[in-house]
Amino acid sequence: MSGIAVTLKKHRGLSIGLLAWLVGIVFFLPIAWMALTSFHSEADAATNPPSFAASLTLDGYREFFGAGGGASPWPALINSAVASLVSTALVLLLALPAAYALSIRRVKKWTDVLFFFLSTKMLPVVAGLLPIYLFAKNTGMLDNIWFLVILYTSMNLPIAVWMMQSFLAEVPVAVIEAAQIDGARLPTVLARVVAPIALPGIAATALICFIFSWNELLFARVLTGVVAETAPVFLTGFITSQGLFLAKVCAASLVVSLPVLAAGFAAQDKLVQGLSLGAVK
């Protein structure tokens, strides 16, 4: 019976592995198809059924970077980088002490505070669009990248506090108390004791906030124009009444996706550790 059980266990593990590979391939196929289409000409990209043996070209990338006399994507890419990086840094600076107060030195009714943070994410984004637009208009902040920074910081702060609270809950209190006995103040404790221990969780939180900020389209579309235009807004300009330039859109989408993919690849170890931190008690 033991031999049969081992055999069944091996077959079950093999089946799960094959299923995981199948699901991974299904999710990867659209990305691979987008990358392949980006190297085709517009005529080959528009064929139906698609041509796998079509000649490859870099025309889509040349058009995206303005070689054909179009608008340059660099201002939009720089705006997205500024809004995403600065807002993520601000979120981490604000979320770390807040999570410390909710996990290690818990305030009264800390569970209610966490629920309040989570409840702010339940509001439909469209419901807050008009008030925010009117506020930006009346304060002269329309088409201003720093207004997007403030907006993205406020949007990502609740989820960051929620995530980091669970990560900081795993920090040993004895280590913090030892640092306080040695005379360390709260900023020193957060920077030199809590942050290094919870670094995987902080990296996971930073990556999630960066992705949310980089991909945000609705507010950027409504609140920006020419000066503060972000990369997702720039992409929507390729869809015109004259048609959809498929190869150019695929090239642009791949370029815009590269920072997120690069950040995820660079932080994959910290991301896995951070997302699994606290899963096993």
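Placed above this text is the structure.
Only a predicted model underlies this, so the values are computations on that prediction, with no experimental measurement involved.

Rules of the game
Along each chain, residue indices are assigned from 1 in the same order as the chain's sequence is written. Only residues with pLDDT of at least 70 get local features here, since the model is predicted, and only at 80 or more are side-chain atom pairs given and counted; chain-wide, interface and lining totals rely on the full set of residues. The side-chain quantities take in all heavy atoms of the structure and omit both hydrogens and water. Working definition: helices are DSSP H or I runs of at least four residues, strands are E runs of at least two. Numbering for both runs from the N terminus. Any helix carries an expected span of 1.5 Å times its number of residues minus one. Burial status follows relative accessibility: with a 1.4 Å probe on protein chains alone, a residue under 20% of its type maximum counts as buried, one over 50% as exposed, and anything between as partly exposed. The criterion is simple. A nonpolar core is a set of buried Ala, Val, Leu, Ile, Met, Phe, Trp, Tyr and Cys residues joined through side-chain atoms within 4.5 Å. The contact criterion used is simple: two residues touch if any of their non-hydrogen atoms lie within 4.5 Å. Salt bridge criterion: a side-chain nitrogen from Lys or Arg within 4 Å of a carboxyl oxygen from Asp or Glu. Stacked, edge-to-face and tilted labels apply to pairs of Phe, Tyr and Trp rings (six-membered ring for Trp) whose centres lie within 6.5 Å, assigned for plane angles under 30 degrees, over 60, and everything in between, in that order. In this analysis, a patch consists of residues with relative accessible area above 30% that form no salt bridge, clustered at 9 Å for like charges and at 5 Å for the nonpolar side chains Val, Leu, Ile, Met, Phe, Trp and Tyr. Per-residue and other accessible areas follow the Shrake-Rupley method at a 1.4 Å probe size, with only the shown protein chains counted as cover for residues. Only the stretch in contact is used when a helix axis is fitted, and all axes are lines through C-alpha atoms; the angle between N-to-C directions ranges over 0 to 180 degrees. Put simply, angles under 35 degrees are roughly parallel, angles over 145 are roughly antiparallel, angles from 65 to 115 are roughly perpendicular, and the rest are oblique. The residue classification treats Ala, Val, Leu, Ile, Met, Phe, Trp, Tyr, Cys and Pro as nonpolar and Asp, Glu, Lys and Arg as charged. All others, Gly included, are polar.

## Re helix α9 (residues 186-197)
Step number 1: Spanning 12 residues, α9 covers 15 Å between terminal C-alpha atoms, matching the ideal 16 Å at 1.5 Å per step.
Step number 2: By the burial criterion, the buried members of α9 are Val189, Leu190, Val193, Val194 and Ala195.

## Here's the deal with the nonpolar core
Step number 1: One finds Leu96, Tyr100, Ile104, Met164, Leu168, Ile176 and Val194 to be the most contacted residues of the largest nonpolar core, which totals 26 residues.
Step number 2: In this structure Ile104 touches Ala99, Leu168, Val171, Ile176 and Val194, once residues within four positions along its chain are discounted.
Step number 3: Formed by 19 residues, the second largest nonpolar core is a distinct cluster that contains Tyr61, Phe210, Ala231 and Val249.

## Side note on the pattern of salt bridges
Step number 1: A full pass over the atoms with the stated rule returns 1 salt bridge.
Step number 2: Measuring nitrogen to oxygen at the nearest pair gives 2.8 Å for the salt bridge that ties Asp59 to Arg62. Of this pair, Asp59 and Arg62 are both found in helix α3 (residues 59-64), 3 residues apart, which corresponds to roughly one turn of the helix.

## Remarks on the packing of aromatic side chains
Step number 1: Enumeration according to the criterion identifies 6 aromatic pairs in this entry.
Step number 2: Relative to Phe234, the ring of Phe64 lies with its centre 6.0 Å away and its plane at 75 degrees, an arrangement referred to as edge-to-face. Remark: Phe234 occurs in helix α12 (residues 231-236) and Phe64 occurs in helix α3; sequence separation between them is 170 residues. Residue Phe64 shares its accessibility class with Phe234, and that shared class is buried.
Step number 3: Members of the aromatic cluster, each reached through a chain of ring pairs, are Phe64, Phe65, Trp74 and Phe234.

## Thoughts on a nonpolar patch on the surface
Step number 1: A contiguous nonpolar patch, built from Leu19, Leu22, Val23, Val26 and Phe27 and spanning about 510 Å² of accessible area, is present on the exposed surface.
Step number 2: Mapped onto the elements, Leu19 comes out in helix α1 (residues 2-38).

## Some points on the packing of helix α10 (residues 199-215) against helix α13 (residues 246-266)
Two packed helices can be described by the angle between their axes and the distance between those axes.
Step number 1: Two elements in contact, α10 and α13, have axes separated by 10 Å at closest approach and are oriented at 175 degrees. As far as their axial angle goes, α13 and α10 are roughly antiparallel. Counting all contacts with α10, which are made through Leu207, Phe210, Ile211, Trp214 and Asn215, the residues of α13 involved are Val256, Pro259, Val260, Ala263 and Gly264.
Step number 2: Looking at the contact of α10 with α13, its residues break down into 8 nonpolar, 2 polar and no charged.

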